[in-house]
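Below are the chains, spelled out letter by letter.
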Amino acid sequence: MGGWQRLIPNGVVAAYFRVEKLLKVGIRGTHSAQALTSGKNMQIQILPALSDNYMYLLIDEKSREAAIVDPVAPDTVIKAVADAKVNLTTVLTTHHHWDHAGGNKDLI
C-alpha cells in the first residue's frame, strides 16, 4: 500500500463512499424503481423485491405469455402481470433460498 493509503483506516474510506452514494441517490437509492427493457421480441420488466432483491418478468411480445424469475413477492408479480396484460405461464427460481422462492406456492 502506498503512503497516504496507510494513513486512512479502511472503515473511514468505506464510510466516505457510503455517504457519497447516499447523497447521490438517497436512502432508498434506485432499488424501488421498476425498469423495463426490450429486445427484438421480448420485454424484461425488473421488479424490486424486499429491500435488496429483484424479480424479473419475461414477456414474449408475440404470444403475450410471461415467465417470472425469483417471485418472492407474489402480490407485486400479480399486479405486474395484470398491468402488462400477459398470461403468466412459467415460474423460474434460481435457487431455493426463501428470498428467491418465497412466493412460488402462491403463484402455482
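Going by the structure above, here's the rest.
A short tour of the structure in this document, coming up. (Residues numbered from 1 in each chain as written. Predicted model: local features only at pLDDT ≥ 70, side-chain atom pairs only at ≥ 80, totals over all residues. Heavy atoms only, no water.)

## A closer look at helix α3 (residues 74-84)
Phase 1: Every buried residue of α3 is accounted for by P74, V77, A80, V81 and A84. Angular distribution of buried residues about the axis of α3 spans 125°; they occupy a single face of the element. Exposed side of α3, more than 90 degrees from the buried face: D75, K79 and A82 are the residues found there.
Phase 2: For α3, the elements touching its buried residues are β2 (42-49), β3 (53-60), β4 (65-69), β5 (87-92) and α5 (104-107).
Phase 3: Backbone geometry just after α3 places K85 at a positive phi near 55°. (Buried < 20%, exposed > 50% of the residue type's maximum accessible area, 1.4 Å probe, protein only. Helix = DSSP H or I, 4+ residues; strand = E, 2+ residues; numbered from the N terminus. Arc of directions from axis to C-beta. Contact = heavy atoms within 4.5 Å.)

## What to know about the environment of K62
Phase 1: Relative to the helices and strands, K62 resides in the loop between β3 and β4.
Phase 2: Taking the relative accessible area as the measure of exposure, K62 reaches 79% and is therefore exposed.
Phase 3: Sequence separation of K62 and M42 is 20 residues, and the distance between their C-alpha atoms is 8.3 Å.

## Structural notes on the pattern of salt bridges
Phase 1: In the structure shown here, the tally under the stated rule is one salt bridge.
Phase 2: Here D83 ties to K79 by a salt bridge, and the two come within 2.7 Å at their closest N and O atoms. Here D83 pairs with K79, and both are found in helix α3, just four residues apart, close to one helical turn.
Phase 3: Classification of K79 as exposed rests on a relative accessible area of 51%. (Salt bridge = Lys/Arg side-chain N within 4 Å of Asp/Glu carboxyl O.)

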